[in-house]
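Topology and contacts: notes
Spelled out, the chains give:
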Amino acid sequence: MKSPDKTMMHGRDYAGQDVSGWWVSEKFDGCRAYWDGVRLWSRGGHVINAPAWLTEGLPALHLDCELWAGYGDREAARLACQYGRFTPACRLWIFDCPQATTGDWAARIKTAPSTRYASPVAFSVCRGRLDLARRLQAVLARRGEGLVLRKPGCAYTIGRVNTMLKVKAGFIR
């Protein structure tokens, strides 16, 4: 497999555009990972030596995810990713299913499996700038990283896209 980073979709930074009607989910602060149906890979193309308990129940389909170890514990996710030091706090947040046959993101994410240690991200419709600011503040209050916005009706597209936006502290004034 070539480096997952070259086969993944990447968002751009939110710059104040109108995102009313876009899908919004939490952006988890961990290490980007890619399940190829057999193994878990880092964004840089290294196999992550994930324990069987973490990957048990994952399908033979590709999943774009985040290896996460809890709020404020990015270091634990990094240690798991790089050195295989997994703790029971580690989990996978699935945020896309590139091989799902049902087109847009909302349909694709609904095909994601839910296991003890892997779950699709929760999402809902953004109601505008004030709603976005309120949601961001709630995530930041629990020491989260931010939000991800996805434009409805868009296919999984490799590379940096304008249809997926990252919203972090300081992006909304």
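Residues numbered from 1 in each chain as written. Predicted model: local features only at pLDDT ≥ 70, side-chain atom pairs only at ≥ 80, totals over all residues. Heavy atoms only, no water.

**Quick word on the layout of surface pockets**
Where we set the bar: Put simply, the grid is 1 Å and covers the protein atoms alone, a cavity is a trapped set of points that fit a 1.4 Å probe, a pocket is an open set with protein on both sides within 12 Å along at least five of seven lines, and lining residues have an atom within 4 Å of a point. Grid points are joined across faces, edges and corners, and a volume is the space filled by probe spheres set on the points. Labels follow the DSSP assignment, with helices taken as runs of H or I lasting at least four residues and strands as runs of E lasting at least two, numbered in each case from the N terminus. Throughout, the ten residues Ala, Val, Leu, Ile, Met, Phe, Trp, Tyr, Cys and Pro are labelled nonpolar, Asp, Glu, Lys and Arg are labelled charged, and all others, Gly among them, are labelled polar.
One number sums up the size of the largest pocket: a volume of about 420 Å³. Looking at the largest pocket, it is lined by 23 residues, and the ones nearest its centre are K27, R32, E66, F95 and K166. For the lining of the largest pocket, the leading source of residues is strand β11 (residues 159-168), giving four residues. When the residues that make up the lining of the largest pocket are grouped by side-chain class, the tally is seven nonpolar, four polar and 12 charged.

**Examining the nonpolar core**
The line we're drawing: For our purposes a nonpolar core is just a set of buried Ala, Val, Leu, Ile, Met, Phe, Trp, Tyr and Cys residues, chained together by side-chain atoms within 4.5 Å. Only protein chains enter the calculation, and the probe is 1.4 Å; a residue is then buried if its accessible area is under 20% of its type maximum, exposed if over 50%, and partly exposed in between. We call two residues in contact whenever any of their non-hydrogen atoms come within 4.5 Å of each other.
Counting 31 residues, the largest nonpolar core has L40, L54, L63, L67, F86, L92 and I94 as its most contacted members. When residues of this core are traced back to their parent elements, those giving at least two are β3 (31-35), β6 (63-68), α2 (74-83), β7 (91-96) and α3 (105-109). Not counting residues up to four positions away in its chain, the partners in contact with L92 are L40, L54, L58, C65, E66, L67, Y117, A118 and S119. Listed in part, the 12 residues of the second largest apolar core include C126, L136, V139 and L165.

**Quick word on helix α4 (residues 129-141)**
Where we set the bar: Expected helix span is taken as 1.5 Å per residue step, with the number of steps being one fewer than the number of residues. Starting at the helix axis, one direction is taken to each C-beta atom, and the arc is that of these directions.
Here α4 contains 13 residues, and its C-alpha end-to-end distance of 18 Å stays within 8% of the 18 Å for a straight helix at 1.5 Å per residue. Every buried residue belonging to α4 is among D131, L132, R135, L136 and V139, and all of these are buried. Along the axis of α4, the buried positions cluster into a sector of 130 degrees, meaning they face one direction only. Facing away from the buried surface of α4 by more than 90 degrees, the exposed residues are L130, R134 and A141. Tucked inside the fold, the buried residues of α4 contact β2 (23-27), β9 (123-125), β10 (146-150) and β11. Residue R143 follows α4 closely and has a positive phi angle near 70 degrees.

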